[in-house]
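Spelled out from the first residue to the last, the chains are:
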Amino acid sequence: DQQVKQNSPSLSVQEGRISILNCDYTNSMFDYFLWYKKYPAEGPTFLISISSIKDKNEDGRFTVFLNKSAKHLSLHIVPSQPGDSAVYFCAASALVGGGKLIFGQGTELSVKP
Amino acid sequence: EAGVTQFPSHSVIEKGQTVTLRCDPISGHDNLYWYRRVMGKEIKFLLHFVKESKQDESGMPNNRFLAERTGGTYSTLKVQPAELEDSGVYFCASSPERGIGPYKNIQYFGAGTRLSVL
């Protein structure tokens, strides 16, 4: 069973516009959420995270929103740049789970000049 | 500061052979994780070391996989004998010991080892 889901395999946006990547989860024990960015032939790179006690975390052009009642989080990138083109993974962990990350399937973002 | 290092970057072996993957975590990181991504799907957890001890190996597919972490430093993941379905990219990640304060679990990943079993 897929505990973390990214239902959009791909997303294409114009440079300068907003990119919104979505993620849904089912396990209410998850208490920490992360977004990773991955370029081809590289490992995932940590981007931004949010604790379950918050509903928003912002870091420069990147903002993550958490809606616990809906078990939904989203990553907003504003403004989008061509260098943001990559696969974005949503991941979740639970303190009681020992810290292992449960990943979604990833969303491939393409930012067109 | 050096990041997580994995070796080799790519390994091609025949079914039935043995392969050993190595991971060097970030210096001082007590937590070491192994993950695998098969056929472009989601990245799946394999196991977790805290120092030299296996904390959680619930994601290991079967007993053909053996992981060790010598002296709490580098780790190896051995597949013996390899099967076709073992092909994929194996990632290693590390994170520092979680201390007091809000729970945070940022894991830092290596570039991965692409394993191809023919």
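Going by the structure above, here's the rest.
Let me begin by describing the structure that accompanies this report. (Residues numbered from 1 in each chain as written. Chains lettered and ligands numbered in written order. Predicted model: local features only at pLDDT ≥ 70, side-chain atom pairs only at ≥ 80, totals over all residues. Heavy atoms only, no water.)

Turning our eyes to something else, we now look at the overall build of chain A. Each helix and strand counted, chain A has zero helices and 11 strands in total. When its helices and strands are written in sequence order, chain A yields β-β-β-β-β-β-β-β-β-β-β. Computed over the C-alpha atoms, the radius of gyration of chain A is 13 Å, within 12% of the 13 Å expected from 2.2 N^0.38 for a compact globule of 113 residues. Along the first, second and third principal axes, the C-alpha set of chain A runs to 45 × 30 × 20 Å. For chain A, buried positions account for 48% of its 113 residues. Considering only contacts within chain A whose residues lie at least 6 apart along the sequence, 55% involve residues at least 24 apart. When the accessible surface of chain A is totalled, it reaches about 5300 Å², and 50% of it is carbon and sulfur. (Helix = DSSP H or I, 4+ residues; strand = E, 2+ residues; numbered from the N terminus. Rg over C-alpha atoms; globule rule 2.2 N^0.38 Å. Buried < 20%, exposed > 50% of the residue type's maximum accessible area, 1.4 Å probe, protein only. Contact = heavy atoms within 4.5 Å. Areas by Shrake-Rupley, 256 points an atom, 1.4 Å probe, with all protein chains shown as cover.)

Our focus in this paragraph is the sheet that holds strand 1 (residues 5-7) of chain B. Residue and element names in this part refer to chain B. Strand order across the open sheet formed by four strands is 1-3-8-7, with antiparallel pairing between neighbours. The sheet is open, and its two edges are formed by strand 1 and strand 7 (65-69), each paired on a single side. Ignoring which end each strand starts from, the neighbouring axes of this sheet average 15 degrees apart. When strand 1 meets strand 3 (residues 19-24), the two strands line up antiparallel, connected through three bridges. Counted as the bridge partner of glutamine 6 is cysteine 23 from strand 3. (Pairing = 2+ DSSP bridges. Axes fitted to C-alpha atoms, helices over the stretch in contact; angles between N-to-C directions.)

Let us look at the nonpolar core. Of all hydrophobic cores here, the largest spans 25 residues; its most connected members are Val4, Phe30, Phe33, Trp35, Leu73, Leu75 and Tyr88 of chain A. If one sorts the elements of this core by residue count, strand 9 (residues 86-93) of chain A sits on top with four residues. In this structure, Val19, Leu21, Phe65 and Val117 of chain B belong to the second largest nonpolar core, which totals 21 residues. (Core = buried A, V, L, I, M, F, W, Y, C linked by side-chain atoms within 4.5 Å.)

Frequently, the measure chosen for interface size is the accessible area removed from exposure when the parts meet. Residue-level contacts link 21 residues of chain B with 24 residues of chain A. Of the roughly 1800 Å² buried between chain B and chain A, counting both surfaces, carbon and sulfur atoms make up 60%. If you look at where chain B meets chain A, you find one salt bridge. Notably, a salt bridge pairs aspartate 56 of chain B with lysine 100 of chain A, separated by 3.6 Å at the nearest N-O pair. There are five residue pairs in polar contact (both at pLDDT 80 or more) connecting chain B and chain A. Put simply, the parts of the chain that give the side of chain B that touches chain A at least two residues each are strand 4 (31-37) and strand 5 (43-50) of chain B. (Buried area = accessible area lost by both parts, 1.4 Å probe. Salt bridge = Lys/Arg side-chain N within 4 Å of Asp/Glu carboxyl O. Polar contact = N/O pair within 3.5 Å; in protein donor to acceptor, adjacent residues only side chain to side chain.)

Turning our eyes to something else, we now look at unusual backbone geometry. Following phenylalanine 7 of chain B, the chain continues to proline 8 of chain B via a peptide bond in cis, the omega torsion being -5 degrees. Residue proline 81 of chain B is reached from glutamine 80 of chain B by a cis peptide bond, and omega for that bond is -10 degrees. For proline 81 of chain B, the position within the fold is in the loop between strand 8 (75-79) and strand 9 (88-95). Notably, alanine 41 of chain A is not glycine yet its phi reads approximately 65 degrees, a positive angle. Secondary-structure assignment places alanine 41 of chain A in the loop between strand 4 (32-38) and strand 5 (45-51). Despite not being glycine, lysine 71 of chain A shows a phi value in the positive range, around 50 degrees. With respect to the secondary-structure elements, lysine 71 of chain A resides in the loop between strand 7 (62-67) and strand 8 (72-77).

Once that is clear, we can look at the state of the cysteines. In the structure shown here, the tally under the stated rule is two disulfides over all chains. Cysteine 23 of chain A shares a disulfide with cysteine 90 of chain A; S-S distance 2.0 Å. An S-S torsion of about -70 degrees defines the bridge between cysteine 23 of chain A and cysteine 90 of chain A as left-handed. Here cysteine 90 of chain A lies in strand 9 and cysteine 23 of chain A lies in strand 3 (residues 19-25), a separation of 67 residues in the sequence. Here cysteine 90 of chain A falls in the buried class, since its relative accessible area comes to 0%. Shown here is the disulfide that connects cysteine 23 of chain B with cysteine 92 of chain B, its sulfur atoms set 1.8 Å apart. Sign of the S-S torsion, about -65 degrees for the bond between cysteine 23 of chain B and cysteine 92 of chain B, identifies this disulfide as left-handed. Pair noted here: cysteine 23 of chain B is in strand 3 and cysteine 92 of chain B is in strand 9, with a separation of 69 residues, a long-range link. Grouping residues by exposure puts cysteine 23 of chain B and cysteine 92 of chain B together as buried. (Disulfide = S-S within 2.5 Å.)

No statement about biological role is implied by the geometric values presented.
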